[in-house]
Amino acid sequence: MIELAEATNPLDELQAVILTWPVRGLQCYMCAEFTRVREVNDASVQDSSEPPIRVVLGSDHGGLSLKNELAQYLTSQAIVVTDLGTHTADSVDYPEFGAAVGRAVAAGDADFGVAVCGSGLGICIAANKIDGVRAVTIHDVTSARLSREHNDANVICLGERLIGREVAKEALDVFLATEFEGGRHAKRVHSLDALITQQM
């Protein structure tokens, strides 16, 4: 019975068997082939690795608790999180934080933004004042999915007083995972973006 050295993967195991074959030329040929296959496989694994999603979060005092919970949730999924505040329960104004989230996304510092206030409405208005931002107030998984598929939304806004924690997490998961459909929706999204530039 052939004794095999400990192998790290099936290719190593097969190559160990080939090295016991009596025909030297065939050994060399097959080992070369396995080396080539391993290199292709390793390259494929490297190419398939995608950079982590970058998400920036912001809230006023009314959305602080939900924002903090979502930041921890995203971090646990190996998503790169940047928290722009607020960081205390002291009263602050939501326009400042909605705009900060919007600017970070528009500048390319983050792939997506999450903005939270008591209702998810005022902070959404603030984020949408920034050129390049398409912010939407979300209440469930369906609205999260459609906002990405049809509107190419890049900032999700949530109301801490209006949405359950688990629903918020599920909606956020769907928002981040859903791709923009493009097609007929691309023209409409372009028209949305043009509305801001027309006023400049």
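Scroll up a little and you will see the structure.
Residues numbered from 1 in each chain as written. Predicted model: local features only at pLDDT ≥ 70, side-chain atom pairs only at ≥ 80, totals over all residues. Heavy atoms only, no water.

**Let's talk about the overall build of the protein chain**
Here comes step 1: Helix and strand counts for the protein chain stand at 8 helices and 5 strands.
Here comes step 2: In the protein chain, the succession of α and β elements from N to C terminus is α-α-β-α-β-α-β-α-β-α-β-α-α.
Here comes step 3: Relative to its full complement of 200 residues, the protein chain shows a buried share of 38%.
Here comes step 4: Once local pairs closer than 6 in sequence are excluded, the contacts in the protein chain between residues at least 24 apart make up 68%. (Helix = DSSP H or I, 4+ residues; strand = E, 2+ residues; numbered from the N terminus. Buried < 20%, exposed > 50% of the residue type's maximum accessible area, 1.4 Å probe, protein only. Contact = heavy atoms within 4.5 Å.)

**Quick word on the sheet that holds strand E5 (residues 155–159)**
Here comes step 1: Spatially, 5 strands are ordered E2-E1-E3-E5-E4 in an open sheet, and the strand pairing comes out parallel. This sheet does not close on itself; its edge strands, each paired only once, are strand E2 (80–83) and strand E4 (135–137). The mean angle between the axes of side-by-side strands here comes to 20°, regardless of whether they run parallel or antiparallel.
Here comes step 2: Relative to E2, strand E1 (residues 54–59) runs parallel, the two sharing 4 bridges. (Pairing = 2+ DSSP bridges. Axes fitted to C-alpha atoms, helices over the stretch in contact; angles between N-to-C directions.)

**Structural notes on the pairing of strand E3 (residues 112–117)**
Here comes step 1: The element E3 is extensively covered by neighbouring structure, given that 6 of its 6 residues are classed as buried.
Here comes step 2: The alternating pattern of E3 places Phe112, Val114 and Val116 and Gly113, Ala115 and Cys117 on opposite faces, both of which are buried.
Here comes step 3: In the sheet, E3 pairs with E5 via 5 bridges, with the strands oriented parallel. Opposite Gly113, over in E5, you have Val155 as the bridge partner.

**Points about the environment of Val101**
Here comes step 1: With respect to the element layout, Val101 can be found in helix H4 (residues 94–106).
Here comes step 2: Between the alpha carbons of Val101 and Val56 there is a distance of 6.3 Å; along the sequence they are 45 residues apart.
Here comes step 3: When residues no more than four places from it in sequence are discounted, the contact partners of Val101 are Val56, Leu57, Gly58, Leu84, Gly113, Val114 and Val155.

**Concerning the pattern of salt bridges**
Here comes step 1: This model, assessed by the stated rule, comprises 10 salt bridges.
Here comes step 2: Residue Glu160 is joined to Arg165 by a salt bridge in which the shortest nitrogen-to-oxygen separation is 3.8 Å.
Here comes step 3: In this structure, Lys169 and Glu166 form a salt bridge, with 3.6 Å as the shortest nitrogen-oxygen distance. Taken together, the residues Lys169 and Glu166, both in helix H7 (residues 165–177) and 3 residues apart, mark about one turn of the helix.
Here comes step 4: Given the relative accessible area of 15%, Lys169 is considered buried.
Here comes step 5: Linked by salt bridges that have partners in common, Glu69, Glu160, Arg165, Glu166 and Lys169 make up one network. (Salt bridge = Lys/Arg side-chain N within 4 Å of Asp/Glu carboxyl O.)

Purely spatial values, then, with no claim about function.
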